[in-house]
Amino acid sequence: YLRRRFAWRETPHPLTHRRAEGEEGGSVTLRSPAAGALLALVADHVVQGRVVFPGAGYLERARAACVAASGGAGGGAVLRRAFFLQPFLLDGSLDRLWLSCELGGAEERFEIRSELDEQRTAHCGGSAAASDSRLAPLARAPARAGCAHAVDLARLYAAFGRVGLEYGPGYRMLHRAAAAGDASASVAWLHRRGHRDGTRVHPADLDGAIQQTALLAQGASSDEIRLPFSVGEARL
């Protein structure tokens, strides 16, 4: 018997459906329809009653586009100076709505934008470079040693809900969490994922890690929505 790999049986990445080269070959654009697999990937990320594409999803979008454009075998990428410019709402009619990622330029810039007919709206931008290097293991023991206070996750998600962050089951990824008494550090465990839906870094997992930062919000008002604005560097 011979083991063989059939690519057509693999789950396609929901964020990199179609590829188009730039007019002068200096840029590459990958587009995906908002309906279907993309919507299913983020449907449980709800803010004030509306499905909003999560900031974590832009990072996976840029990683997947960078790898697809460069042909990187390792599947990894380094993103720098990523800014979240404007929310991408997935409501109403999605038949003509697309999400695209354009890569190119001297600084390996990327821009993620939505496209509805002739209207384009930028949602995230930064620089990206494919990387095959493995991540160095994190020293988790010191962080765990300083986080002795267990976090009631039911209360945490209830607090999120009161300010409009209405996470559905697919985006309640925190399984267990603990924090330091002075809120200077926290550590959390995510639910184990059985299927990544074609992604390499599932947006719900990364979003769960971002949710954990609420435990570090010293002096923050309990009735405000805190959303990520920028990421200095992300290695995925």
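Scroll up to find the structure.
Scoring rules and cut-offs
Residues numbered from 1 in each chain as written. Predicted model: local features only at pLDDT ≥ 70, side-chain atom pairs only at ≥ 80, totals over all residues. Heavy atoms only, no water. Helix = DSSP H or I, 4+ residues; strand = E, 2+ residues; numbered from the N terminus. Expected span 1.5 Å × (residues − 1). Buried < 20%, exposed > 50% of the residue type's maximum accessible area, 1.4 Å probe, protein only. Pairing = 2+ DSSP bridges. Axes fitted to C-alpha atoms, helices over the stretch in contact; angles between N-to-C directions. Contact = heavy atoms within 4.5 Å. Phe/Tyr/Trp six-rings, centres within 6.5 Å; stacked < 30°, edge-to-face > 60°.

Undergrad: Is there a simple way to think about helix α2 (residues 55-70) in this case?
TA: Every α-helix winds through 3.6 residues per turn, so residues three or four apart in the chain are directed the same way. With 16 residues, α2 ought to run about 22 Å at 1.5 Å a step, and its terminal C-alpha atoms sit 23 Å apart, in line with that. Counted residue by residue, α2 has 13 buried out of 16 residues, so it is predominantly covered. Phi for Gly71, located one or two positions after α2, is positive at around 70°.

Undergrad: Honestly, the sheet that holds strand β12 (residues 230-235) in this entry has me stumped. Any pointers?
TA: Two modes of strand pairing occur in sheets, parallel and antiparallel, and in both the strands are linked by backbone hydrogen bonds. Reading across from one edge, β1-β2-β6-β7-β8-β5-β12 is the order of the 7 strands in this open sheet, with antiparallel pairing throughout. The open sheet terminates on both sides in strands that have one partner only, identified here as β1 (18-21) and β12. Neighbour to neighbour, the strand axes of the sheet diverge by 20° on average, direction disregarded. Packing against the sheet, α2 makes contact with β1, β2 (27-33), β5 (76-84), β6 (97-104), β7 (109-116) and β8 (119-131), and its axis sits at approximately 135° to β5.

Undergrad: How should the sheet that holds strand β10 (residues 174-179) be read in this particular structure?
TA: Read across the open sheet, the 3 strands follow the order β9-β10-β11; overall the sheet is antiparallel. Taken across any chain shown, the strands that pair with only one partner, and hence form the sheet edges, are β9 (149-150) and β11 (186-190). In the sheet, β10 pairs with β11 via 5 bridges, with the strands oriented antiparallel. Of the residues in β11, the one forming a bridge with Ala179 is Ser186.

Undergrad: Help me understand the packing of aromatic side chains in this model?
TA: Ring pairs (aromatic) are described by centroid distance and by the angle formed between their planes. The final tally for this structure, using the stated rule, is 7 aromatic pairs. Look at Phe53 and Phe88: their rings are 6.1 Å apart centre to centre, the planes differ by 50°, and that puts the pair in the tilted class. Within this pair, whereas Phe53 is found in the loop between β4 (50-51) and α2, its partner Phe88 is found in the loop between β5 and β6, the two being separated by 35 residues in sequence. Each member of the pair, Phe53 together with Phe88, is buried. Pairing Phe83 with Phe229 gives two aromatic rings, centres 5.6 Å apart and planes at 75°, and the pair type is edge-to-face. Here the residue Phe83 occupies a position in strand β5, and Phe229 occupies one in the loop between α5 (203-211) and β12, the gap between them amounting to 146 residues.

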